[in-house]
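This is what each chain is made of:
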Amino acid sequence: MGKGAESTQLSLPTQPAPKGARDQRICSNLSDLPLERLKMYAKEYGVEGAVSKEEIVEQLYPFAKGILHRFSPPKPLPLDKPKFSFADVRNSLPKHLFKRDLVRSLFHLAEDLILIAAFAYAASWISHELVPFWARCLLWPLYIFWQGTAFTGIWVLAHECGHQSFSESEAVNNFFGLILHSALLVPYHSWRISHSKHHSNTGSCDNDEVFVPATRSSLCREIAEESPLVQALFILIMLTVGWIPGYLCFNLTGPSKYNEQPRSHFNPWAKLFDEKDRVDVIVSDVGFFLALGGIVYASALVGLGNVALFYIAPYMVCNLYLVLITYLQHTDVFMPHFRGEEWSWFRGALCTTDRTFGCVIDHMIHHIADTHVCHHLFSKMPFYNAQEATEVLKVVLGDYYLSDSTPIPLALWRSYTCCAFIENEGNAVFYKSRTD
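### A word on the overall build of the chain
Right, so step 1: A count of helical and extended segments in the chain gives 17 helices and two strands.
Right, so step 2: What you see for the chain is a C-alpha radius of gyration of 23 Å, in line with the 22 Å of a compact globule of 436 residues.
Right, so step 3: The principal-axis extents of the C-alpha atoms in the chain amount to approximately 70 × 50 × 40 Å.
Right, so step 4: Considering the chain as a whole, with its 436 residues, one finds that 53% of them fall into the buried category.
Right, so step 5: Total accessible area computed for the chain in this model is approximately 19800 Å², and 63% of it derives from carbon and sulfur atoms.
Right, so step 6: The average position of the 36 basic charges and that of the 43 acidic charges among the side chains of the chain differ by 1 Å.

See the structure below:
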């Protein structure tokens, strides 16, 4: 946890002169900015060695699409190593915030289960003969969205179990985590193990476990991918199948070190796991397939259409939330990634941002999105204490606390269209867009 404001060097390859009308327009927009503002951006993005305005514009060009985006991003994470240590941050927080309370956790679980039951009961009246067709077309999507949001709350409580923050007992945590995640078709222990590695390697270009940035050399440079329509299609694909099968079955957003290796969360011999993990992975598989069998049985009992409306469609909304939240927590133009000696667990844990979905949804998903910086620093802290802790962290971390108030759909569009790849080299790198 290095102390002292050591300057980080950002390695930038020589960029070819921009060509084409759009490239010239981007450079023109950069050139219109005052020199002092350009110098500020150059410092924030680690651009060094440029003296004249023309040189600064040329060096900033790869980042210009994000810098000049009409949905302005917040100030990037500072590239100087923080003067404070992790211990300093932890000692700034009251000790009661780290207390784990099983009774309180069970209260939140009961609250979620009652809400889910209430939504399902209300939805059972939607198809009543007295409800007109147009009202059904309106009410079913509303049910699916809000029930999916409630499912996400259950998923987050299982996530708490995986971090051992649900209670003081590991056995109790894993018992509830296995049941809750299995009910949402998640292999609990398999996810718990890989997710723990994500928390141990956040912000690492080489060893993070999820949404690892593509490098320049691995990028598939297809002109068609620049089309807004195509980009919107790819976003839709990511949000609908990115969790399963994308992540759970194929670990598609994982690190390149798993390439050509077994990497399914359902495979006890996958590269994701150690030999000691195999029994837990098998137990998770059993839980997953028992839940899947229950869905098949329910479909035979009450009809596939009913199961699709009451469970499968909300389940897909839950999966959408998981991908959306995780992607936006770790992908944007203002969040760097580190390599080599520049990476440390502490710096990596700061490479995430808080975002809000609005007070109602934030409450329903147990503040997993708007207190995520706190969560990465203190993953065993119960979610119900994270809001109080976040208020302290805003002061203690200062510029090292990242928060983005951009509305979620706009932030998603900015992140997806501006964050295409990072450079192959350099120990501190920011995302670049395909305009480069």
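Once you've had a look at it, read on.
### Section: the side chain of S204
Right, so step 1: Mapped onto the fold, S204 is located in the loop between helix 9 (188-200) and helix 10 (228-250).
Right, so step 2: The residues contacting S204, other than those within four sequence positions of it, are H337, F338 and W343.

### A short note on the side chain of N201
Right, so step 1: Relative to the helices and strands, N201 resides in the loop between helix 9 and helix 10.
Right, so step 2: Taking relative accessible area as the criterion, N201 reaches 18% and is therefore assigned buried.
Right, so step 3: Of note is the side chain of N201, whose polar atom sits 2.8 Å from the backbone oxygen of K197.

### Some remarks on the nonpolar core
Right, so step 1: Grouped together as the largest cluster of nonpolar side chains are 60 residues, with contacts concentrated most on W155, W243, F357 and L412.
Right, so step 2: With 13 residues, helix 12 (residues 304-330) is the largest single contributor of residues to this core.
Right, so step 3: Among residues more than four places away in sequence, those in contact with W243 are W155, V186, W191, L248, N319, L322 and V323.
Right, so step 4: Counting residues in hydrophobic clusters, the runner-up holds 49 residues, among them L60, A64, F84 and L93.

### A short note on the environment of V279
Right, so step 1: Here V279 is to be found in helix 11 (residues 278-302).
Right, so step 2: Between the C-alpha atoms of V279 and P268, which are eleven residues apart in sequence, the distance is 7.6 Å.

### Notes on unusual backbone geometry
Right, so step 1: Between I244 and the following residue, P245, the backbone shows a cis peptide bond with an omega angle of 15°.
Right, so step 2: With respect to the helices and strands, the residue P245 is situated in helix 10.
Right, so step 3: Notably, N251 is not glycine yet its phi reads approximately 50°, a positive angle.
Right, so step 4: In this fold, N251 is placed in the loop between helix 10 and helix 11.
Right, so step 5: For H367, which is not a glycine, the phi torsion comes out positive at approximately 60°.
Right, so step 6: As for its position among the elements, H367 is in the loop between helix 14 (359-364) and helix 15 (372-377).

### Considering the pattern of salt bridges
Right, so step 1: Using the criterion set out here, one finds 13 salt bridges in the structure.
Right, so step 2: The closest approach of N and O atoms between D277 and K276, which form a salt bridge, is 3.3 Å.
Right, so step 3: Exposure remark for D277: the relative accessible area of 6% places this residue in the buried category.
Right, so step 4: For the salt bridge of D404 with R414, the shortest nitrogen-to-oxygen distance reads 2.6 Å. One end of the pair, D404, is in the loop between helix 16 (383-397) and helix 17 (408-418); the other, R414, is in helix 17, with ten residues separating them in the sequence. One exposure class covers both D404 and R414, and it is buried.
Right, so step 5: Here the salt bridges do not stand alone but share partners, grouping D332, R355, D404 and R414 into one network.

### Concerning the environment of I368
Right, so step 1: For I368, the position within the fold is in the loop between helix 14 and helix 15.
Right, so step 2: Separated by 133 residues in the primary sequence, I368 and I235 place their C-alpha atoms 21 Å from one another.

### As for the confidence of the model for the chain
Right, so step 1: Chain-level pLDDT for the chain is 91 on average; 92% of the residues reach the 70-or-more range.
Right, so step 2: In this model, residues 1-9 is a region of pLDDT below 50 whose contacts with residues beyond four sequence positions or in other chains number 28 contacts.
Right, so step 3: Low pLDDT, under 50, characterises residues 11-19; the predicted model gives this stretch 18 contacts beyond four residues in sequence or across chains.

Conventions we followed
Counting from 1, residues in each chain are numbered in the order their sequence is written. Predicted model: local features are reported for residues with pLDDT of at least 70 only, side-chain atom pairs are reported and counted for 80 or more only, and whole-chain, interface and lining totals are derived from all residues. Note: side-chain values were computed over all heavy atoms of the structure, leaving out hydrogens and water. The secondary structure listing takes helices from DSSP runs of H or I that are at least 4 residues long and strands from runs of E that are at least 2 residues long, numbered from the N terminus. Only C-alpha atoms enter the radius of gyration, while the globule expectation follows 2.2 Å times N to the 0.38, with N the number of residues. Each residue gets one of three labels from its accessible area relative to the maximum for its type: buried under 20%, exposed over 50%, partly exposed in between, using a 1.4 Å probe on protein chains only. Accessible surface area values rest on a Shrake-Rupley calculation with a 1.4 Å probe, where residue burial reflects the displayed protein chains alone. His residues and chain termini do not enter the charge count, which takes Lys and Arg as positive and Asp and Glu as negative. For this purpose, a charge sits on NZ of Lys, CZ of Arg, CG of Asp or CD of Glu. We call two residues in contact whenever any of their non-hydrogen atoms come within 4.5 Å of each other. Within 3.5 Å is the distance limit for a polar contact, defined as a pair of N or O atoms, with the added protein rule that one can donate a hydrogen and the other accept it, and that residues adjacent in sequence qualify only through two side-chain atoms. Within this scheme, the nonpolar core is defined by two criteria: the residues are buried Ala, Val, Leu, Ile, Met, Phe, Trp, Tyr or Cys, and they are joined through side-chain atoms within 4.5 Å. Within this document, salt bridges are pairs made up of a side-chain nitrogen of Lys or Arg and a carboxyl oxygen of Asp or Glu, the two lying within 4 Å of each other. Every residue carries a pLDDT, the predictor's confidence in it, which falls somewhere between 0 and 100.

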